[in-house]
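These are the residues of each chain, in order.
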Amino acid sequence: MRPFLLLFAWLMATAYAAPAFFDNIYDYSGELAEFYSKVSEYIDDAKDVFTARTTCDPSKIALPAFASGLPSPGNQKPIYVAVGRGTQNYSCATSTADSKPVAIGAVASLYNATCIAANYPDMLDILPNIAYKLQLPTDSWTTLPYANLNLLGHHFFQNSIPIFNLDTTAQRQYGIAFTKKKAELAAPSSAVQGANGAVAWLYLTTTNGTVGDYESVYRVDTAGGSPPKTCENQQSVITVQYAANYYFFGK
């Protein structure tokens, strides 16, 4: 029940504060207006929502429709959904227009949005767009500001392997997914582009070393993250901010 009380408190606080609530961090755009419209709908219907939907059932979670362009999870079951906020990282051999940025991985904090995915899927796809406009998380962030989403884990690369470490504390040991990219899909034109475009949606499968029942991970609802077209006037390492939703499927 607690996640829904927290979410309800957050919805109430942010709805009545908009647009001033985000004055210093977010231009009041169409996408934010859409978000607050949904917030208002849930507040108006709060009695029914919070009496009828007091459980967090991952079996109700479904990938966004646009993800049909990626391989299906088949009989795999949804386990967690997280909002990721961090940077996509690239290297440049030289700082000239002849050199192209090469992807060298990503670093992101993952915040548990499983209950929102199960009960409010129409709000979930907006969260990366909002998270993208927030400042980068620090190691001290145990929740995503304004959303009261608990830290679920960390995403990083080791020897070119995408890793999702969901063991954050002694009490929260949710496993580690070692993955390999199997397919990608260009982000839709409606995605928040950032300076250089939104990174692709991905389908990754787990590999040796994985701890837990994880079999696949989807990166969807991306915002930002793409590098400049060339390395002209760039540093040897480029970090580009991004946000995305990550769906974890397994046995």
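The notes below deal with the structure included here. Fair warning: this is a prediction, and the values are worked out from it, not measured in the lab.

Section: the pairing of strand 9 (residues 237-250)
Across the 14 residues of strand 9, 11 count as buried, placing the element largely inside the fold. One ladder, built from 14 bridges, connects strand 1 (residues 77-91) with strand 9; its direction is antiparallel. By the bridge assignment for strand 9, Gln88 is matched with Val240. With 8 bridges joining them, strand 8 (residues 214-224) and strand 9 adopt antiparallel strand pairing. Opposite Ala223, over in strand 9, you have Ala243 as the bridge partner.

With respect to the state of the cysteines
One pass over the structure, following the stated rule, counts 2 disulfides. Through a disulfide, Cys56 is tied to Cys115; the S-S separation comes to 2.3 Å. On the S-S bond that ties Cys56 to Cys115, the torsion sits near -120 degrees, and the link is left-handed. Of the two residues, Cys56 sits in the loop between helix 3 (46-52) and strand 1 while Cys115 sits in helix 4 (residues 114-119), which places them 59 residues apart along the sequence. The partner cysteine of Cys92 in its disulfide is Cys231, sulfur to sulfur 2.1 Å.

Some points on the nonpolar core
Of all hydrophobic cores here, the largest spans 35 residues; its most connected members are Leu70, Val83, Leu124, Leu149, Trp201, Tyr218 and Tyr247. Sequence-distant contacts of Leu124, that is, excluding residues within four places in its chain, are made with Val81, Ala113, Ile116, Ala117, Asn245 and Tyr247. Residues Leu166, Leu202, Leu204 and Tyr242 belong to the second largest nonpolar core, which totals 19 residues.

Quick notes on the layout of surface pockets
If you add up the space inside the largest pocket, you get close to 440 Å³. Of all elements in the fold, only strand 1, strand 2 (102-112), strand 4 (149-158), strand 5 (161-167), strand 6 (173-185) and strand 7 (201-206) reach the threshold of two or more residues within the lining of the largest pocket. Of the residues forming the lining of the largest pocket, the biggest block, 4 residues, is contributed by strand 2. Taken together, the residues that form the lining of the largest pocket break down as 13 nonpolar, 5 polar and 3 charged.

Considering the pattern of salt bridges
On inspection of all chains with the given rule, the structure shows 1 salt bridge. Residue Glu184 is joined to Lys181 by a salt bridge in which the shortest nitrogen-to-oxygen separation is 2.7 Å. Judged by relative accessible area, which is 46%, Lys181 ranks as partly exposed.

A few points about the side chain of Ser109
Counting through the fold element by element, Ser109 comes out in strand 2. When its relative accessible area of 11% is taken as the criterion, Ser109 is described as buried.

With respect to the pairing of strand 4
Note that strand 2 and strand 4 share 4 bridges and pair antiparallel. Across the sheet, Ser109 pairs through a bridge with His154, a residue of strand 4. Direction of pairing for strand 3 (residues 143-144) relative to strand 4: antiparallel, over a ladder of 2 bridges. Its bridge partner lying in strand 4, Leu144 is registered against Leu149. Counted along the chain from strand 4 to the antiparallel partner strand 5, the turn is 2 residues long, and its residue Asn159 has a positive phi close to 55 degrees.

Definitions and limits used
- Residues numbered from 1 in each chain as written.
- Predicted model: local features only at pLDDT ≥ 70, side-chain atom pairs only at ≥ 80, totals over all residues.
- Heavy atoms only, no water.
- Buried < 20%, exposed > 50% of the residue type's maximum accessible area, 1.4 Å probe, protein only.
- Helix = DSSP H or I, 4+ residues; strand = E, 2+ residues; numbered from the N terminus.
- Pairing = 2+ DSSP bridges.
- Disulfide = S-S within 2.5 Å.
- Core = buried A, V, L, I, M, F, W, Y, C linked by side-chain atoms within 4.5 Å.
- Contact = heavy atoms within 4.5 Å.
- 1 Å grid on protein atoms, 1.4 Å probe; cavity = no way out; pocket = protein on both sides within 12 Å on 5 of 7 lines; lining within 4 Å.
- Points joined across faces, edges and corners; volume = space filled by probe spheres on them.
- Nonpolar A, V, L, I, M, F, W, Y, C, P; charged D, E, K, R; others polar.
- Salt bridge = Lys/Arg side-chain N within 4 Å of Asp/Glu carboxyl O.

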